[in-house]
Amino acid sequence: MKAAVVGNPIAHSLSPLIHGAWLKAGALDGTYERVLIPLGAFPAEIHRLQAQGLSGVNVTLPFKEEALALADEPSPRAVLAGAANLLVFGADGRICADNTDGEGMLGAVAAQAPGFDLTAAPVLMFGAGGAARGAAAALVAAGAPSVVIVNRTLARAEAIAAELGPKVRAFSLGEAAALISDAGLIVNATSAGLAGQPGFDFPLDRAPRAAVAMDMVYKPLITPFLAQAADLGLRTVDGLEMLIRQAVPSFAAFFGQAPDLSVDVRGLCLAALEPAS
Ligand code: ATR
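If you're wondering where the values come from, they're calculated on a predicted model, not measured in any experiment. (Residues numbered from 1 in each chain as written. Predicted model: local features only at pLDDT ≥ 70, side-chain atom pairs only at ≥ 80, totals over all residues. Heavy atoms only, no water.)

Colleague: For this particular structure, what's the right way to read the overall build of the chain?
Modeller: Across its full length, the chain carries 11 helices and 12 strands. The globule rule puts the C-alpha radius of gyration for 277 residues at 19 Å, and the 18 Å found for the chain is close to it. Along the first, second and third principal axes, the C-alpha atoms of the chain reach 55 × 40 × 35 Å. Burial statistics for the chain: of 277 residues in total, 50% are counted as buried. Counting contacts in the chain only where the partners sit at least 6 residues apart, residues at least 24 apart contribute 66% of the total. Total accessible area on the chain stands at roughly 12000 Å², and carbon and sulfur atoms take up 57% of it. Side-chain charges in the chain split into 18 positive and 25 negative, and the spacing between the mean points of these groups amounts to 1 Å. (Helix = DSSP H or I, 4+ residues; strand = E, 2+ residues; numbered from the N terminus. Rg over C-alpha atoms; globule rule 2.2 N^0.38 Å. Buried < 20%, exposed > 50% of the residue type's maximum accessible area, 1.4 Å probe, protein only. Contact = heavy atoms within 4.5 Å. Areas by Shrake-Rupley, 256 points an atom, 1.4 Å probe, with all protein chains shown as cover. Lys, Arg positive; Asp, Glu negative; His and termini not counted. Charge placed at Lys NZ, Arg CZ, Asp CG, Glu CD.)

Put into structure tokens, the structure is as follows:
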């Protein structure tokens, strides 16, 4: 049983560490590699890996949209997200696409903010890129009463709202301060705060103290957004937990059994991240 994670760049992906630890714990005869795919070569490289007998691949930036387009059988949640992070190669040669990022996000919230009720209050999300679209789709599907997207470029937020229906609403960044006082979950789906990127000021001081703040970025693990939220006394959920949780259904799809969640993959990832952060 062979699987891989594909992307560009790919050298720093933590997925081989996560899947490798689960393979070892389960005493499974399987491998999980990282494969760099040159830009423009995605379909040919995927077909090459398929021909090598892999069970499937995880897909990361910048190929998630192309992965969805390549699939013969996309799952409904991948279609809603407009992107796939998981391709499974069927015995009949067909390629199934799925998106487990939303499941990862919800799993991370359940793990790090136990008892949080997603259905009780609106979600406020910063950002309207690919990650935000997938997250908004998953949040609506999981029962969020509404998802309020605030973005620097209003048109991108409006495009997601138009795709996902009336529960998703679009606003510009300047309106966030007025909207945040109603939020139950506050998600940073922007790339601001990513190591080396300029940040911006999130108006978290008006958030309810019972709100949960989540960041999708895990480098650094404690982003400026999460640090600000923690200072204000909000519960926080980090991007590393989301990364680990999105890997759970992928592992089952590749290797035919659920991973052993008692393995401390988080500790392994933190040790691997340490020198960089
Ligand atoms: P991804 O597909 O990974 O989500 P993306 O499509 O590049 O990445 O989206 C990045 C998001 O971060 C966008 O919502 C972007 O805002 P714009 O749509 O206005 O570009 C947001 N973003 C990045 N840097 C930002 C900054 N300094 N201030 C505010 N928003 C920022």
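Colleague: What's the story with the site of the ligand in this structure? I'm lost.
Modeller: In the vicinity of the ligand there are 14 residues, among which A128, G130, N151, T153 and R156 approach most closely. A131 has a polar backbone atom sitting 3.2 Å from an oxygen atom of the ligand. R156 is positioned with one of its side-chain polar atoms (N or O) 2.9 Å from an oxygen atom of the ligand. Protein burial of the ligand: of its 650 Å² of free accessible surface, 76% is covered by the chains. In the shell around the ligand, the residues fall into five nonpolar, seven polar and two charged. (Near = heavy atom within 4 Å. Polar contact = N/O pair within 3.5 Å; in protein donor to acceptor, adjacent residues only side chain to side chain. Nonpolar A, V, L, I, M, F, W, Y, C, P; charged D, E, K, R; others polar.)

Colleague: Can you walk me through the domain arrangement of the chain in this structure?
Modeller: Accessible area lost on assembly of the parts is the figure often given for the size of an interface. Taken as a whole, the chain is organised into domain 1 (2-99 + 241-273) and domain 2 (102-237). Taking only C-alpha atoms into account, the centre of domain 1 sits 25 Å from that of domain 2. Between domain 1 and domain 2, the contact holds 18 residues from the first and 18 residues from the second. Summing both sides of the interface, domain 1 and domain 2 together bury roughly 1400 Å²; the carbon and sulfur share of this comes to 64%. Notably, a salt bridge pairs R77 with E103, separated by 2.8 Å at the nearest N-O pair. Joining domain 1 to domain 2, the criterion identifies three residue pairs in polar contact (both at pLDDT 80 or more). The set of elements that each furnish at least two residues to the side of domain 1 that touches domain 2 consists of α4 (76-81), α10 (239-255) and α11 (265-273). In terms of residue count, the dominant contributor to the side of domain 1 that touches domain 2 is α10 (six residues). Looking at the side of domain 1 that touches domain 2 residue by residue, the class counts come to nine nonpolar, four polar and five charged. (Domains from an automatic or database assignment. Buried area = accessible area lost by both parts, 1.4 Å probe. Salt bridge = Lys/Arg side-chain N within 4 Å of Asp/Glu carboxyl O.)

Colleague: Looking at this structure, how should I read the packing of aromatic side chains?
Modeller: The relation between two aromatic rings is expressed through the spacing of the ring centres and the mutual angle of the planes. As enumerated under the stated definition, the model contains eight aromatic pairs in all. Measuring from centroid to centroid gives 6.4 Å for F126 and F225, while their planes differ by 75°, and the two rings are edge-to-face. Here F126, found in strand β7 (residues 123-126), pairs with F225, found in helix α9 (residues 224-231); they are 99 residues apart in sequence, far enough to count as distant. The two residues F126 and F225 agree in class, both being buried. (Phe/Tyr/Trp six-rings, centres within 6.5 Å; stacked < 30°, edge-to-face > 60°.)

Colleague: How should I be thinking about the pattern of salt bridges in this particular structure?
Modeller: A pair can form between side chains of opposite charge whenever their charged atoms are brought close. Applying the stated rule across the entire model yields nine salt bridges. For R133, the salt bridge identified is with E163, shortest N-O distance 3.5 Å. Of the two residues, R133 sits in helix α6 (residues 130-141) while E163 sits in helix α7 (residues 154-164), which places them 30 residues apart along the sequence. Here R245 and E241 are joined by a salt bridge, their closest N and O atoms 3.0 Å apart.

Colleague: Hey, could you run me through the sheet that holds strand β12 (residues 235-237) in this one?
Modeller: The pairing of strands in a sheet happens through backbone hydrogen bonds and is either parallel or antiparallel. Read across the sheet, six strands follow the order β9-β8-β7-β10-β11-β12 without closing on themselves; strand pairing throughout is parallel. Whereas interior strands pair on both sides, the edge strands pair on one side only; in this sheet they are β9 (168-172) and β12. Neighbour-to-neighbour, the strand axes of the sheet open up by a mean angle of 20°, direction not taken into account. As defined by bridge partners, strand β10 (residues 185-188) adjoins strand β11 (residues 212-215) across four bridges and the pair is classed as parallel. If you follow L185 over to β11, its bridge partner there is V212. (Pairing = 2+ DSSP bridges. Axes fitted to C-alpha atoms, helices over the stretch in contact; angles between N-to-C directions.)

Colleague: Whenever I open this one, helix α2 (residues 42-51) confuses me. Can you help?
Modeller: Every buried residue of α2 is listed here: F42, E45, I46, L49 and Q50. Buried residues of α2, viewed axially, fall in a sector of 145°; they line one side. For α2, the exposed residues set more than 90 degrees away from the buried face come down to A44 and A51. Elements in contact with the buried residues of α2: β1 (2-7), β2 (31-36), β3 (56-59), α3 (64-70), β5 (86-89) and β6 (95-98). Of the residues one or two after α2, G53 is the one with positive phi, at around 90°. (Arc of directions from axis to C-beta.)

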